[in-house]
Amino acid sequence: MIKNTENRYGLIAITLHWLMAIAIFSLFGLGLYMVELTYYDAWYKGSLDLHKNIGMVLLVVLMLRVVWRMVNTTPQNADKSASLVEVKVAHYAHIGLYGLMGTLMLSGYLISTADGRAIEVFDLISVPALSFSFANQEDIAGSIHEILAWTLIILSGGHALAALKHHFINKNNTLLRMIKVIPNK
Amino acid sequence: MKKALLTTVLTTSLLASSFFATLAVSTVQAADYKVDVEGAHAFVQFKIKHLGYSWLLGRFNTFDGGFSYDEKAPNNAKINIEIDTASLDSNHAERDKHLRGKDFLNVSSFPKATFTSQSIKFSDDSNAVVTGEFTLKGVTKMISFPVVKIGEGQDPWGGYRAGFSGTTSLKLTDYGISYNLGPASTHVEMALHIEGVRI
């Protein structure tokens, strides 16, 4: 139930997946919203702090997720009719999404720590800056952060559409097995 | 033939005298100085009120310029400064990023701010009013502001230096910066502290 098996995802993998999906879409919305706030908006400071806090927690969750994926079994494809090419593409697309999420969060961290300041996560943990920085770090990291955020949202949309395609067109349980713990048909 | 020779001599002497006259004028004219950015004996600073409760200070780290000045003819002085707007530094990366962005200086579209003097009028040995064209965020305005000569003389390494300070207040909306920082923060105080090395 907790762990993955050869033909189904376990509770931990499913929870991590949806937790990150909700957090990432929320952070994207919050990010778009907070940059439009102006100086005298009450949430001008709070929105940015919340974005950084959730982002840093998400970075830890992502690391746990990658570790969990590596130590755990990866279930076989739900779609038995999928060609080898499709299987490979799906595999690298998932790896790409992990890399994209990691780079996105890292770029956010590099904006806030560009001047050596630490990030105070929920006023509990202080995440220090790197011991080095590069020229115009906050601007470069900022541009990367924005571009990657849009890229991730677009690719996640594609990822969701692909799941819906498997569900409604191919009629296999690719989508359902990520919603509840059920084996492949 | 005689007439031609006379004309030649006359022309030559005229040319010569005008040449020496030019030479004489240029030695009387102000000496030229390069702003000592290399040794960082020059500063472009700004300060603006934060919420009306305190002053926020920052500076531009990259700029260049020169001036000409002669004690004997101070009103012939000239100055020009070019500031790299992206070099803004308020000791807080997130704020600097915001100030460089479209809400404020939009440095990717307007990478330079410049000042070129048109007149400098000294009222005594050290106080003057500088008038000239200032360009910021693509807007050029004629501004006047007081400057003070701090001092001049030989430096210990064989050079000759002179230094000035000037301050002025700029209204943000005059330069297309309309972001609301509050009623106490509509103007930014600019300060230029420069030392030039004679070239």
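The paragraphs below set out a description of the structure included in this document. (Residues numbered from 1 in each chain as written. Chains lettered and ligands numbered in written order. Predicted model: local features only at pLDDT ≥ 70, side-chain atom pairs only at ≥ 80, totals over all residues.)

**A few points about the overall build of chain B**
Next up, step 1: Of the regular secondary structure elements, chain B holds 2 helices and 11 strands.
Next up, step 2: Along chain B, helices (α) and strands (β) appear in the sequence α-β-β-β-β-β-β-α-β-β-β-β-β when read from the amino end.
Next up, step 3: In chain B, which comprises 199 residues, the proportion classed as buried is 23%. (Helix = DSSP H or I, 4+ residues; strand = E, 2+ residues; numbered from the N terminus. Buried ≥ 20, exposed ≤ 12 C-beta atoms within 10 Å, placed from the backbone.)

**Overview of the overall build of chain A**
Next up, step 1: From N to C terminus, chain A includes 4 helices and 2 strands.
Next up, step 2: Counting only C-alpha atoms, chain A reaches 55 × 30 × 30 Å along its principal axes.
Next up, step 3: When the 185 residues of chain A are sorted by exposure, 16% land in the buried category.
Next up, step 4: A sequence separation of at least 24 residues applies to 67% of the contacts in chain A between residues at least 6 apart. (Contact = placed C-beta atoms within 7 Å.)

**Notes on the packing of helix H1 (residues 11-34) of chain A against helix H2 (residues 44-71) of chain A**
Residues and elements named next belong to chain A.
Next up, step 1: In contact at an axis separation of 10 Å, H1 and H2 are set at 155° when each is read in the N-to-C sense. As judged from the angle between their axes, H1 and H2 are roughly antiparallel. H2 is crossed by H1, and the crossing has left-handed handedness. For the pair H1 and H2, the contacting residues are Ile12, Ala13, Leu16, Leu19, Met20, Ala23, Leu27, Leu30, Gly31, Tyr33 and Met34 in the first and Ser47, Leu48, Leu50, His51, Ile54, Gly55, Leu58, Val61, Leu62, Leu64, Arg65 and Trp68 in the second.
Next up, step 2: Within the contact of H1 with H2, the residues separate by chemical class into 18 nonpolar, 4 polar and 1 charged. (Axes fitted to C-alpha atoms, helices over the stretch in contact; angles between N-to-C directions. Parallel < 35°, antiparallel > 145°, perpendicular 65-115°, else oblique. Left-handed = near helix turned anticlockwise from the far one by under 90°. Nonpolar A, V, L, I, M, F, W, Y, C, P; charged D, E, K, R; others polar.)

**Some remarks on H1(A)**
Next up, step 1: Here H1(A) spans 34 Å end to end across 24 residues, near enough to the 34 Å set by a 1.5 Å rise per residue.
Next up, step 2: Packed against the buried residues of H1(A) are H2 and helix H4 (137-168) of chain A. (Expected span 1.5 Å × (residues − 1).)

**Structural notes on the nonpolar core**
Next up, step 1: In this structure, B:Ile81 and B:Ile83 are the most contacted members of the largest nonpolar core, which totals 34 residues.
Next up, step 2: Contributing elements (two or more residues each) for this core: strand S1 (31-35), strand S2 (42-50), strand S4 (63-69), strand S5 (78-84), strand S7 (112-122), strand S8 (127-136), strand S10 (160-171) and strand S11 (187-198) of chain B.
Next up, step 3: Those residues in contact with B:Ile81, other than ones at most four positions away along the chain, are B:Phe63, B:Gly65, B:Thr114, B:Phe115 and B:Leu192.
Next up, step 4: One finds A:Met105, A:Leu110, A:Ile111 and A:Leu152 within the second-largest nonpolar core, a separate group that totals 13 residues. (Core = buried A, V, L, I, M, F, W, Y, C linked by C-beta atoms within 7 Å.)

**A short note on the interface of chain B and chain A**
Next up, step 1: Taken together, the 11 residues of chain B in the interface contact 11 residues of chain A.
Next up, step 2: Looking at the side of chain B that touches chain A residue by residue, the classes come out as 3 nonpolar, 4 polar and 4 charged.

**Thoughts on the packing of helix H3 (residues 84-112) of chain A against H4(A)**
Residues and elements named next belong to chain A.
Next up, step 1: At a minimum axis distance of 8 Å, the contact between H3 and H4 shows a crossing angle of 150°. The angle between H3 and H4 places the two elements in the roughly antiparallel class. Along this stretch, H3 crosses H4, giving a crossing that reads as left-handed. In this structure, H3 contributes Leu97, Leu100, Met101, Thr103, Leu104, Ser107, Gly108, Leu110 and Ile111 to the contact, and H4 contributes Gln137, Glu138, Ala141, Gly142, Ile144, His145, Leu148, Ala149, Thr151, Leu152, Leu155 and His159.

**A look at the environment of A:Ile153**
Next up, step 1: Looking at the element boundaries, A:Ile153 is found in helix H4.
Next up, step 2: In sequence terms A:Ile153 and A:Phe25 are 128 residues apart; their C-alpha atoms lie 7.4 Å from each other.

**Observations concerning the environment of A:Val127**
Next up, step 1: Mapped onto the elements, A:Val127 comes out in strand S2 (residues 125-127).
Next up, step 2: Other than its neighbours up to four places away in sequence, A:Val127 contacts A:Met56, A:Ala118, A:Ile119 and A:Val121.

**Looking at the pairing of S11(B)**
Residue and element names in this part refer to chain B.
Next up, step 1: Two strands pair when backbone bridges link them, and S1 and S11 are joined in this way by 3 bridges, in the antiparallel orientation. Bridge pairing links Tyr33 to Arg198 in S11.
Next up, step 2: Relative to S11, S2 runs antiparallel, the two sharing 6 bridges. Counted as the bridge partner of Val44 is Leu192 from S11.
Next up, step 3: Examined bridge by bridge, S10 and S11 share 11 bridges and lie antiparallel to one another. (Pairing = 2+ DSSP bridges.)

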